[in-house]
Every structure is written in structure tokens, then in C-alpha cells.
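# Fold and contact review
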Amino acid sequence: DLAIDAAHKSQESWSKSSPVERSTLLLKIADRLEVNLNEIAIAESLDNGKPIRETMAADIPLAVDHLRYFAACIRTQEGSLSEIDNDTIAYHFHEPLGVVGQIIPWNFPILMAIWKIAPALAMGNTVIIKPAPQDPLAVIKLGEVLNSIFPPGVVNVIVGSSPDIGAALVDSPDVNMISFTGSSMVGSKIMESGGKTMKRLLMELGGKGALIMTEDCDIQAAVGGIASVWGFHSGQICTAPTRVICHKSIYEETVNTLKATSEFMTVGDAREESTLVGPVITEAHRDRVEAFIQSGIDDGAEVIVGGERPNMNGYFVAPTLLAGCNPDMHVVKEEAFGPVVVVMSHDGDEHAVELANDSDYGLFSYVYAGNTTRAYDLGRKLESGNVALNSIAPHMYAPFGGFKMSGVGRDRGRWGLEAYSEVQAINWPS
Ligand code: NAD
């Protein structure tokens, strides 16, 4: 209640600040984060077990870049003329929504927080952000930095372990929008209760990334792509290509190459520079991932790599490869949110697309084919918000979001900025 009240009180003056003023403050935050990079990266790694090399090289620098991106965007954000109609002219504008509640998961706290805070503030909204209960530390530190630069009440951080805290933001008639990243299950609940107050909703939810390999693809490149994300943040990534669908003629070679590559994935202490795979977030989550692997084994999958708990002190899961999978298995349908890759074979492009689209999710998929035209044709047939061709690298400012149970709306880029606005069209006779 205090946070909502503070966000309301500051909303009017903040929304009247000029885009240049907002842009300048966002740039100041970016500079400050860059100076404090070490401190925030260490807080993030200690809190959630993400290897320090990832937080230093990816999470924090990307967050800084997003701040600068939205600072630039808001300077050039303009109203625009609607299409010509015979008798009327219309000009439309983006207005701030008001108070935005932002609820984030534990896998990328700082990056998720900045993805949401930067465009919302740039557009002239005030925000209340709620990090996940498992690892709020870096976001609390971020809140201190933000509050030393933005006027009081513009950014509010609330923490706590009960789901009631997020639910209170969703239920409040004084919160105009909920921007949520998390599981599809909680996302559905938020859609349902948010509807009562007609909340504007941006939902970034779960994924089970398919990766199609055609018979003429570069197997080494595809395996290199899979392996680079397999253990990244212990596989706790919504966009990871964890559902490999490879042509039957290259199936054996693919499985063998994945097995050989897994040997380089060093599991260990997140603070060590040499560590590629740290622990998963909690003991409960480790147990969940282990039960997930066991369900694959019970359903007849073959364990090629991993499958057993590493003999180490901490919540570690060994990178695991399950082959011989089929689309009815739970391990193929659901997210592991751990370092678990499943492999299926296909007998041609049409079959590959059918298997890839046989999923409730549609967040990020991948195609490796002998040439870009073939990869592009396959990619256009996939029910997925993003598709990467012969690469696993995402474009950081392309619209990001999901088909089907993976979400509603788009984050990032101009879409991410405009998601935090209400559009008003002014009409007059021509
Ligand atoms: P989660 O859905 O359990 O929790 C997410 C957040 O919602 C947390 O802050 C939690 O406290 C809060 N919450 C829980 N119950 C709530 C309720 N009833 N009302 C309001 N808020 C509530 O997800 P998680 O376990 O923290 O994160 C993992 C999930 O996030 C995975 O499914 C993953 O795919 C997804 N994810 C998606 C993206 C994306 O961009 N699409 C990015 C990262 C993670």
C-alpha cells in the first residue's frame, strides 16, 4: 500500500517531465551501474549461484546497454499521423499508463528488472518492482542506485516471500499495468485476476525451445550453439534450445558430438572464473529437476550424459542429455529449467516442423540448415515469437515475446517501450 501510494503521488510530476529529462536520468543510472559493476555482479552471483563470468560479461553490461537504448528511444519517440481517411485526419500519441507493477523471476534479476524499469520510466510511468523471493539482493542494491537519482516515489522496490505480495499488486485498482515475467502457471492466474480491474498486461512466460537440424546442416555449429546454452546459468533460461529435433541420418553423430562437448562443461563454484555450470537456484528446484530427469528415464529415454547428482556440496545438477525421446514424454513437453537437453529424430522438414510445433509453448526456436533460404523457410513455419537461423544468438532489440502459453505482448525494442503506454488518437475533419 505504501509503495502504491508513493508511486501515485509521484506519477503526475514524473509524467510531466520532458523526455530529455527522463533520458538524462536513465543515462546517469547506466553510468552508475557501470562504475558499480563488480559490486552488483557479485551480489547477483552470491544470491543465485550464477557464475561470476556470466554476470560480469553478460547480465550487467546488457542491463547498462538497455538503459542507454531506452534513453535514446524516448528522445525520438513521437506521435504519428494515422493512415489517410477521406474526410478525417487523426494523429496518435503514446501516453504513460500511470503506476506499473513489475513482477520478475529469479533467473536474471538485474537484467529482467532493467528490461522492465527502463522503458516504463522512459515512457513517464512510475514503477513498483517485486523481485523473486529466492534472490532479491541485487535488485535491492539496484533500487538504492535508482533512488539516489530518480525523484522519490518514481521507483519502488518491494520484497517478500509470499505470493500474496505480487497478487496484491495485481488486485489493486490503483495499479494500471502489470508487467510479469515468470511461469505460465502464475501468468494464467495473473491474467484471470488482472481482468477484474482491466489491467494492461505484458506477460513473458515459459518456453521449451525447439532446435531443428536438417540432414545437410553444420553439426558442429549446431552442437556448439546448444552446448553454449545447455549449462549457461545451469540451463535456467526460458529461451534455451533444449528440445533438439535432428534428422534421422545425422542423429547418431549429433548425440555423440553433444556427448563429447559436454565434457568441457565444468560444474563448480559460481565464484570461480573456470566454472561454466553453477548450482541451480534452490534445493527444492534441484529436487524438481532431478524428478524431471527421472520421469524421462521412466518413460524410456536413454541417458547419454549426466542423470546423476554430482558429488559436490551444493545444489548442483550435472548437464544431462536424454536421447531416444518422443513427443508424448513429459520431458519433451515441459520446461526442465535445468541443464537438461532432450533429443528426438525427424524424417524430413515437414515432420520436423510438426514436432517443433507440437508444444504448448512458443517462445524461442532455432533452425540449423545447409543454407539460409532453407532455414528461413522452416523458421517461418514455426509457432514461435523468435526464431534464430544457423545461430543461437538473439538480437537484443528485436521484439521479444511468446506465441501460445509463452506469453502476451512484446518486450524489448520500440515494442517494449510502447507496451508501457496508452494510445490516444486525436481526430479532426480534413
Ligand atoms: P514464478 O512464476 O514461480 O514466479 C515469478 C514471480 O511471480 C516471482 O516474483 C513470484 O514471487 C511471483 N508470484 C508468484 N505467485 C504469484 C501470484 N499469485 N501473483 C503474483 N505474483 C506471483 O516463476 P519463477 O520460478 O520465478 O521463474 C521461472 C519461470 O520464469 C520459468 O517458467 C521461465 O520460463 C520463466 N521465464 C520467462 C522469461 C521470458 O522472458 N519469457 C524470462 C525468464 C523466466
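That block above? That's the structure.
So, here's what we can say about the structure. (Residues numbered from 1 in each chain as written. Predicted model: local features only at pLDDT ≥ 70, side-chain atom pairs only at ≥ 80, totals over all residues. Heavy atoms only, no water.)

## Points about the pairing of strand S11 (residues 320-323)
Stated formally: Think of it in three bands: with a 1.4 Å probe and only protein chains considered, a residue is buried below 20% of the maximum accessible area for its type, exposed above 50%, and partly exposed in between. Helix and strand definitions here come from DSSP, where helices need a minimum of 4 consecutive H or I residues and strands a minimum of 2 consecutive E residues; each element is numbered from the N-terminal end. One requirement defines pairing of two strands: DSSP has to find at least two bridges between them.
Judged by which residues are buried, S11 turns out to be covered on both faces: Thr320 and Leu322 on one side and Leu321 and Ala323 on the other are all buried. Where strand S10 (residues 302-305) and S11 come together, 3 bridges link them in antiparallel fashion. What sits directly across from Val303, in S11, is Leu322.

## Details of the nonpolar core
So the rule is basically this: Definition used in this section: a nonpolar core is a set of buried Ala, Val, Leu, Ile, Met, Phe, Trp, Tyr and Cys residues joined via side-chain atoms within 4.5 Å. Residue contacts are defined here by distance: any two heavy atoms, one from each residue, within 4.5 Å place the two residues in contact.
Counting residues in hydrophobic clusters, the biggest one holds 86 residues, and the most contacted among them are Phe150, Met213 and Leu321. No other element matches the 11 residues that helix H5 (residues 109-122) contributes to this core. Other than its neighbours up to four places away in sequence, Met213 contacts Ile219, Ala222, Val244, Ile245, Cys246, His247, Ile250, Thr254, His346 and Tyr368.

## A word on the pattern of salt bridges
Heads up, the condition is: For this document, the term salt bridge refers to a Lys or Arg side-chain nitrogen within 4 Å of an Asp or Glu carboxyl oxygen.
Inspection of every chain in the model, using the stated rule, returns 17 salt bridges. One salt bridge connects Asp349 with Arg374, and the closest N-O pair in it is separated by 2.8 Å. A residue pair is termed long-range when its members are at least 10 positions apart, and Asp349 in helix H13 (residues 349-357) and Arg374 in helix H14 (residues 372-380) qualify at 25 residues. What you see here is one network of salt bridges that share partners, running through Glu283, Arg286, Asp287, Glu290 and Arg309.

## Overview of a nonpolar patch on the surface
Keep this limit in mind: Patch definition: residues with relative accessible area over 30% and no salt bridge; like charges joined within 9 Å; nonpolar side chains (Val, Leu, Ile, Met, Phe, Trp, Tyr) joined within 5 Å. Areas reported here follow the Shrake-Rupley algorithm with a probe of radius 1.4 Å; residue values treat only the protein chains shown as occluding.
Judged by side-chain polarity, Phe93, Ile426 and Trp428 come together as a nonpolar surface patch covering roughly 250 Å² of accessible area. Within the secondary structure layout, Ile426 lies in strand S18 (residues 421-429). Classification of Ile426 as partly exposed rests on a relative accessible area of 37%.

## Concerning unusual backbone geometry
For Ser234, which is not glycine, the phi torsion reads 55 degrees and is therefore positive. The topology assignment puts Ser234 in the loop between helix H9 (219-230) and strand S9 (243-247).

## Quick look at H13
Taken together, the buried positions of H13 are Ala352, Val353, Leu355, Ala356 and Asn357. For H13, the secondary structure elements touched by its buried residues are strand S8 (210-213), S9, strand S12 (340-346), H14 and strand S16 (403-404).

## Observations concerning the sheet that holds S18
Spatially, 3 strands are ordered S1-S2-S18 in an open sheet, and the strand pairing comes out antiparallel. With one partner strand each, in any of the chains shown, strand S1 (80-81) and S18 form the two edges of the open sheet. Pairing of strand S2 (residues 88-96) with S18 involves 9 bridges; the strand directions are antiparallel. Looking across to S18, one finds that Ala90 is bridged to Asn427.

## Section: the pairing of strand S4 (residues 126-130)
For clarity, the cut-off: We call a crossover right-handed when, viewed with the strands running away from us, the connection from the first strand over the helix to the second turns clockwise.
Of all 5 residues that make up S4, 5 are buried, and the element is covered over most of its length. What you see with S4 is no split at all: Thr126, Ile128 and Lys130 on one side and Val127 and Ile129 on the other are buried throughout. Bridge analysis of strand S3 (residues 99-103) against S4 gives 5 bridges, and the strand direction is parallel. Looking at S4, one finds that Ile103 is bridged to Lys130. Where the polypeptide runs from S3 across H5 and back to S4, its parallel neighbour, the crossover connection is right-handed. Taken together, the 3 bridges between S4 and strand S5 (residues 155-157) define a ladder with parallel strand orientation. Looking at S5, one finds that Ile129 is bridged to Val157. Read from S4 through helix H6 (residues 137-149) to S5, the crossover connection turns out right-handed.

## Focus on the packing of aromatic side chains
Two aromatic rings are characterised by how far apart their centres lie and by the angle between their planes. Filter applied, for reference: When two rings of Phe, Tyr or Trp (its six-membered ring) have centres within 6.5 Å they constitute a pair, described as stacked for plane angles under 30 degrees, edge-to-face for angles over 60, and tilted for the intermediate range.
Applying the stated criterion across every chain yields a total of 7 aromatic pairs. Ring geometry for Trp14 against Phe150: centres 5.5 Å apart, planes inclined by 85 degrees, an arrangement best described as edge-to-face. A residue pair is termed long-range when its members are at least 10 positions apart, and Trp14 in helix H1 (residues 2-16) and Phe150 in the loop between H6 and S5 qualify at 136 residues. The exposure class of Trp14 is buried, given its relative accessible area of 5%. Residue classification places Phe150 among the buried residues on the basis of a relative accessible area of 3%. A ring pair is formed by Phe364 and Tyr366, whose centres lie 5.1 Å apart and whose planes are at 15 degrees; its orientation type is stacked.

## Section: the side chain of Lys199
Note the following rule: Here Asp and Glu are counted as negative and Lys and Arg as positive; His is not counted, and neither are the chain ends. N or O atoms closer than or at 3.5 Å make up a polar contact, with two conditions inside protein: a donor-capable atom paired with an acceptor-capable one, and, for residues adjacent in sequence, both atoms drawn from side chains.
With respect to the element layout, Lys199 can be found in the loop between helix H8 (184-194) and strand S7 (200-204). Buried and unpaired, Lys199 has no salt bridge, with Asp171 as the nearest side chain of opposite charge at 7.0 Å. Among the polar contacts listed, one links the side chain of Lys199 to the side chain of Thr197, at a separation of 2.7 Å. The residues contacting Lys199, other than those within four sequence positions of it, are Leu169, Val170, Asp171, Ser172, Pro173, Val175, Asn176, Met177, Ile178 and Gly194.

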